[in-house]
Amino acid sequence: MRTFDYTSPRTVDEAVRLLADHPGADVIAGGTDLVTLLRDGIRTPTHLVDVNGLGLDEVSWQPGGAVRIGALCRNAIDDPALGRAYPVLVKALRAGASPQIRNRATFGGNLLQSVRCPYFRLPEFACNRRTPGAGCAALHGDSRHHAIFGTSENCIAVHPSDCAVALLALDAHVLVQSTRGTRRIPVAELHRLPGRTPHEEHALRRDELITAVELPAGPFGAHSTYVKARDRASFAFALASAAAVVAVRGGVVRRSRICLGGVAPKPWRSTAAEEALRGRPLDDAVIEAAADAATRDAQTRPDNAYKVDLVHGVVRQALTELREQS
Ligand SMILES: Cc1cc2nc3c(=O)[nH]c(=O)nc-3n(C[C@H](O)[C@H](O)[C@H](O)COP(=O)(O)OP(=O)(O)OC[C@H]3O[C@@H](n4cnc5c(N)ncnc54)[C@H](O)[C@@H]3O)c2cc1C
Ligand code: SF4
């Protein structure tokens, strides 16, 4: 049995001091992901810093209209104003996991959850993400759930969070704190592509704590939706998903964000789909062209080629839904 120290600080300053003083420490929030990794010996911290006593569980509207969602807010968050201003976010949250898990899982933990690649989670298989340089069992194994964009020869796992895809589409930032102070990281820069270093999953430094997520002021975000294709109607990660935000003025699309989940090692923005929409009416032909564009440059494997059709389908469904709301 592996042992570790456990501390439950009461302030953010105390928490980041503990992280700075203990290089082998891990943060634990809801524990819905971390506890399974501890159980299976995939993470072996010397110290657990439990952040549940820090507060950080409020949604606060800023004077200019931006909104901050505390890192300890649970994924079951039910805030009607948030639902009106950012429907894509609330839909993405509700599409994740099960009610029981959403009641426990937190915003911060959701963004930093580990990949669901089965080979990563089973220590008997080679995995570059878990053990740098070990190899990648998925390359010659079952890759049905794996990525079709942004992969490298070292890792083809997909990023699992639904919420992160919506936050990318909303141009959100993550607010982090350490003993050196605070900084804001665009969600677009939070997660990393695997390249040669798949074990470096995100841009957070070892001693930094996520304190909140900040969404920009509306109205961009209000006309948005999230569509997710999965193996079961609940309790399943995305095979492919689309977060779509569209601003239509004068009958044509002025601005949009089309982001994909379940198909890349990070939430994946499709600028090609956005380009296909720009300056055009949201009609059937344009929606079809955007869905086609979203699949461009996909690199498939025999097991996951079906994801190209899924991407096409979720983008088309999301845009059709938004057109019908216009
Ligand atoms: C059966 C099942 C189905 C699921 N289905 C989905 C799904 O469909 N969609 C989806 O998006 N998710 C899904 N999830 C994942 C679930 O949403 C995540 O496990 C959860 O959001 C993680 O949050 P947590 O608070 O429990 O994190 P924890 O398990 O406590 O931590 C996760 C990671 O984040 C780090 N961390 C946590 N908080 C902070 C912080 N404030 N600052 C810095 N680091 C931090 C931890 O150190 C750890 O590395 C599913 C999980 C399960 C078990
Ligand atoms: S795909 Fe990535 S996470 Fe999965 S076994 Fe290969 S290196 Fe590990």
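First, a word on scope: everything that follows refers to the structure included in this document. (Residues numbered from 1 in each chain as written. Chains lettered and ligands numbered in written order. Predicted model: local features only at pLDDT ≥ 70, side-chain atom pairs only at ≥ 80, totals over all residues. Heavy atoms only, no water.)

**A short note on the nonpolar core**
Side chains that are nonpolar tend, in soluble globular proteins, to be buried together.
Then step 1. Counting residues in hydrophobic clusters, the biggest one holds 50 residues, and the most contacted among them are L89, F107, L167 and L215.
Then step 2. Broken down by element, this core gets its largest block of residues, seven residues, from helix α8 (residues 162–169).
Then step 3. Look past the residues within four positions of L215 in its chain and what remains in contact with it is A66, V67, I69, L82, Y86, L89, L167, L170 and A172.
Then step 4. Counting residues in each nonpolar core, the second largest holds 29 residues, with A290, A291, A294 and V314 among its members. (Core = buried A, V, L, I, M, F, W, Y, C linked by side-chain atoms within 4.5 Å. Buried < 20%, exposed > 50% of the residue type's maximum accessible area, 1.4 Å probe, protein only. Helix = DSSP H or I, 4+ residues; strand = E, 2+ residues; numbered from the N terminus. Contact = heavy atoms within 4.5 Å.)

**What about the site of ligand 1?**
Then step 1. Around ligand 1 lies a shell of 32 residues, among which V27, T32, R43, T106 and D162 are the nearest.
Then step 2. Contact distances for ligand 1 include 2.8 Å between an oxygen atom and a backbone N or O atom of G31.
Then step 3. Alone, ligand 1 offers 970 Å² of accessible surface; in the complex the protein occludes 92% of this.
Then step 4. Of all the secondary structure elements, the ones that give two or more residues to the shell around ligand 1 are β2 (25–28), α6 (107–112) and β8 (209–215).
Then step 5. Across the shell around ligand 1, the residue classes tally to 16 nonpolar, eleven polar and five charged. (Near = heavy atom within 4 Å. Polar contact = N/O pair within 3.5 Å; in protein donor to acceptor, adjacent residues only side chain to side chain. Areas by Shrake-Rupley, 256 points an atom, 1.4 Å probe, with all protein chains shown as cover. Nonpolar A, V, L, I, M, F, W, Y, C, P; charged D, E, K, R; others polar.)

**A closer look at helix α12 (residues 306–325)**
Then step 1. In this model α12 runs 29 Å from its N-terminal to its C-terminal C-alpha over 20 residues, within 8% of the 28 Å that 1.5 Å per residue would give.
Then step 2. Of the surrounding secondary structure, the elements contacted by the buried residues of α12 are β9 (224–229), β10 (240–249), β11 (252–261), α10 (271–277) and α11 (284–295). (Expected span 1.5 Å × (residues − 1).)

**Structural notes on the pattern of salt bridges**
Then step 1. Tallied over the entire structure, the rule returns 23 salt bridges.
Then step 2. One salt bridge connects D171 with R257, and the closest N-O pair in it is separated by 3.2 Å. Of this pair, D171 sits in the loop between α8 and β6 (173–178) while R257 sits in strand β11, and the two are 86 residues apart along the sequence.
Then step 3. Among the residues examined, D171 registers a relative accessible area of 26% and is labelled partly exposed.
Then step 4. We note a salt bridge from E274 to R269, for which the minimum N-O separation is 2.7 Å.
Then step 5. The network of salt bridges with common partners includes D171, R255, R257, R269 and E274. (Salt bridge = Lys/Arg side-chain N within 4 Å of Asp/Glu carboxyl O.)

**Some words on the site of ligand 2**
Then step 1. Surveying the vicinity of ligand 2 reveals 16 residues, the closest of which are C117, C127, C136, C155 and I156.
Then step 2. In terms of residue class, the shell around ligand 2 is made up of twelve nonpolar, three polar and one charged.

**Details of the sheet that holds β11**
The strands that make up a sheet pair up through hydrogen bonds in the backbone, lying either parallel or antiparallel.
Then step 1. The strand order across the open sheet formed by four strands is β9-β10-β11-β12, and the pairing between neighbours is antiparallel. Edge positions in the sheet fall to β9 and β12 (268–269), since each has one partner strand and no second.
Then step 2. Across nine bridges, the pairing between β10 and β11 is antiparallel. By the bridge assignment, A243 is partnered in β11 with C259. (Pairing = 2+ DSSP bridges.)

**Some words on α8**
Owing to its 3.6 residues per turn, the α-helix brings residues three or four apart onto one side.
Then step 1. Counting buried positions along α8 yields eight of eight residues, so the element is predominantly enclosed.
Then step 2. Three or more residues of α8 are buried, namely D162, C163, A164, V165, A166, L167, L168 and A169.
Then step 3. N-cap assignment for α8: the residue whose side-chain oxygen lies 3.3 Å from the backbone N of C163 is S161.

**Details of unusual backbone geometry**
Then step 1. Here the bond from G218 into P219 is cis, since omega is 10°, no more than 30 degrees from zero.
Then step 2. Among the structural elements, P219 can be located in the loop between β8 and β9.
Then step 3. Backbone geometry at A97 places phi at a positive 55°, although glycine is not the residue there.
Then step 4. Within the secondary structure, A97 is located in the loop between α4 (87–94) and α5 (99–104).
Then step 5. Residue classification places A97 among the partly exposed positions, given a relative accessible area of 27%.
Then step 6. At F235, a position not held by glycine, the phi torsion is positive, near 65°.

**Regarding the environment of V308**
Then step 1. Looking at where V308 falls in the secondary structure, it is placed in helix α12.
Then step 2. Along the backbone, V308 and T295 are 13 residues apart, and their C-alpha atoms lie at a distance of 5.9 Å.

**Description of the packing of aromatic side chains**
Then step 1. As enumerated under the stated definition, the model contains two aromatic pairs in all.
Then step 2. Between the aromatic rings of Y119 and F125, the centroid separation amounts to 5.0 Å while the plane-to-plane angle is 70°, which identifies the pairing as edge-to-face.
Then step 3. Lying over the aromatic face of F220, R255 brings its terminal NZ or CZ to 3.8 Å of the ring centre. (Phe/Tyr/Trp six-rings, centres within 6.5 Å; stacked < 30°, edge-to-face > 60°. Lys NZ or Arg CZ within 6 Å of the ring centre and 35° of its normal.)

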